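# Structural description and commentary
The primary structure of each chain is shown beneath.
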Amino acid sequence: MTQSLTIRRPDDWHLHLRDGAMMEAVLPETARHFGRAIVMPNLVPPVVTGADAAAYRDRIMAALPADMRFEPLMTLYMTEDTDPADVRAAAQSGLIRAVKLYPAGATTNSASGVTDFDKITAVLDTMAEIGLPMCVHGEVTTPDVDIFDREAVFIDTVLDPLRRRHPHLRVVMEHITTQDGVDYVRDGGDTIGGTITTHHLIINRNHILVGGIRPHYYCLPVAKRETHRLALVDAATSGEASFFLGTDSAPHTDALKEQACGCAGVFSATNTMSCLAEVFEAAGALDRLEAFASRNGPAFYGLPVSDETLTLTKGDPVDYPAKIEGAADLVTVFDPGFPLHWSVS
Ligand code: DOR
Ligand code: ZN
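Quick summary incoming for the structure in this document. The shown structure was predicted, so the numbers you read here are calculated from the model rather than taken from an experiment.

### Re a negative patch on the surface
Together, Asp146, Asp149, Asp156, Asp180, Asp183 and Asp187 make up a negatively charged patch on the protein surface. Tracing the backbone through its elements, the reader meets aspartate 187 in the loop between helix H6 (179–186) and strand E8 (192–196). For aspartate 187, a relative accessible area of 64% translates into the label exposed.

So, in structure tokens, the structure goes:
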């Protein structure tokens, strides 16, 4: 039985770092293990221009502890007014690695997102031309679509028509949560990739709702039924190049999670690698963890695999904090519901 596993240093292809005091609190949790991360632009106000992204990148680097090496991969937040020339310049200078598309109203801080997809045609043409990926929050926001169906309906009514209009556009369908998402990415050729979060590999909707409501398991897209979780585990552990890790680690203070209308987001940066090792070991696929966490993402984004390594060792259950000190309050760390035996050394 494998007791130790060394892989290339992993990256996180979907991460929320926030800003200010919260960023200072959560950044080391990611930088401790991950070499790079695609940093989500849904700040308030959002990161919409190249200048915004440059300033945000400087704030992240200023907050990085001196003994840690970490490269933030910046993104722009797509609005109906996004300027193709600004996107082109920010991409060609190496500042940004993707543009994020939020359907307006889909999730936290998405009010400035896109309602009329025809208005972003010129930006998408530019992105397709220069090979800049679009990261997509794949849920429709139409009130009459059931929340558990919103990803599947998005694929049929928005994403697939959009990809047919822009066949050369590189797309990352982020945090896929359904068999439909897995199938769409798997069958979509080499212009589409899919990220999968740590928590969607571990929880299904029962974990949120059975025996009381568990606000720390609530995120968007919301976890679906068990058959979908199994499809995600199958995809992540398959080694297939289209699937890679994007934790969607999204800190909110306990006060904002534990209330009558709690906000969406699971904070998993702290224990993601230990959680993933358990999931991959249970699937008999420890040898494919490196593909999922360290190799497939850089390949999709056209970046080199890390030349550093990370070693996981199996032993007694790992101690990790239940909460970290966030901005003005605590942030609860994802509880997988089982002991974690793999520690990062
Ligand atoms: O659960 C989520 N939280 N899903 C998202 O798409 C956004 C994120 C956040 O920013 O908190
Ligand atoms: Zn996210």
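### Thoughts on the packing of aromatic side chains
Evaluated as defined, the whole model comprises eight aromatic pairs. Ring geometry for phenylalanine 280 against phenylalanine 292: centres 5.6 Å apart, planes inclined by 35 degrees, an arrangement best described as tilted. You can see phenylalanine 280 sitting in helix H10 (residues 272–282) and its partner phenylalanine 292 sitting in helix H11 (residues 289–301), a full 12 residues away along the chain. Across this residue pair, the class does not change: phenylalanine 280 and phenylalanine 292 are buried. Counting every residue linked through ring pairs, the aromatic cluster contains Trp13, Phe244, Phe300 and Tyr301.

### Let's talk about the coordination of the zinc ion (ligand 2)
At this site the zinc ion (ligand 2) is bound by His14 (NE2), His16 (NE2) and Asp248 (OD), with donor distances of 2.0 Å. Positions of the donor residues of the zinc ion (ligand 2) along the chain correspond to the pattern H-x1-H-x231-D. Placement of histidine 14 in strand E2 (residues 12–15) and of aspartate 248 in the loop between strand E9 (243–245) and helix H9 (254–257) is noted, with a sequence separation of 234 residues between them. On the basis of relative accessibility, which here comes to 6%, the residue aspartate 248 falls in the buried class.

### Describing unusual backbone geometry
The peptide bond linking valine 44 to proline 45 adopts the cis configuration, its omega dihedral lying at -5 degrees. Mapped onto the fold, proline 45 is located in the loop between strand E3 (36–39) and helix H2 (50–63). Each neighbour pair has its own omega, and for leucine 220 with proline 221 the value is -5 degrees, a cis peptide bond. Relative to the assigned elements, proline 221 resides in the loop between helix H7 (205–209) and helix H8 (226–236). In this structure, histidine 175 takes a positive phi of about 35 degrees despite not being glycine. Within the secondary structure, histidine 175 sits in the loop between strand E7 (171–173) and H6. Residues other than glycine seldom take positive phi values, yet aspartate 248 does so here, at roughly 55 degrees.

### Quick notes on the sheet that holds strand E10 (residues 309–314)
What the three strands build is an open sheet, ordered E1-E10-E13; its pairing is antiparallel. In the strand order of this sheet, the two ends are held by strand E1 (4–8) and strand E13 (342–344), each with one partner. Neighbour to neighbour, the strand axes of the sheet diverge by 25 degrees on average, direction disregarded. In terms of strand pairing, E1 meets E10 through five bridges, oriented antiparallel. Residue isoleucine 7 lies in a different strand from E10, and its bridge partner there is leucine 310. On the sheet, H10 packs against E1, E10 and E13 and is oriented at approximately 140 degrees with respect to E13. Its contacts with the sheet put H11 on E1 and E10, and the angle it makes with E1 is roughly 25 degrees.

### Brief notes about the packing of helix H1 (residues 20–31) against H2
Running from N to C, H1 and H2 point in directions that differ by 65 degrees, and their axes come no closer than 9 Å. Where H1 crosses over H2, the handedness of that crossing is right-handed. Residues Met23, Glu24 and Leu27 of H1 form the contact with H2, whose own contacting residues are Tyr56, Arg59, Ile60 and Ala63. A class-by-class count of the residues in the contact of H1 with H2 yields five nonpolar, no polar and two charged.

Conventions used here
Residues numbered from 1 in each chain as written. Chains lettered and ligands numbered in written order. Predicted model: local features only at pLDDT ≥ 70, side-chain atom pairs only at ≥ 80, totals over all residues. Heavy atoms only, no water. Patch = residues over 30% accessible without salt bridge, like charges linked within 9 Å, V, L, I, M, F, W, Y side chains within 5 Å. Areas by Shrake-Rupley, 256 points an atom, 1.4 Å probe, with all protein chains shown as cover. Salt bridge = Lys/Arg side-chain N within 4 Å of Asp/Glu carboxyl O. Lys, Arg positive; Asp, Glu negative; His and termini not counted. Charge placed at Lys NZ, Arg CZ, Asp CG, Glu CD. Helix = DSSP H or I, 4+ residues; strand = E, 2+ residues; numbered from the N terminus. Buried < 20%, exposed > 50% of the residue type's maximum accessible area, 1.4 Å probe, protein only. Phe/Tyr/Trp six-rings, centres within 6.5 Å; stacked < 30°, edge-to-face > 60°. Donors = N, O, S within 2.8 Å, 3.2 Å for Na, K, Ca; no water. Pairing = 2+ DSSP bridges. Axes fitted to C-alpha atoms, helices over the stretch in contact; angles between N-to-C directions. Contact = heavy atoms within 4.5 Å. Left-handed = near helix turned anticlockwise from the far one by under 90°. Nonpolar A, V, L, I, M, F, W, Y, C, P; charged D, E, K, R; others polar.

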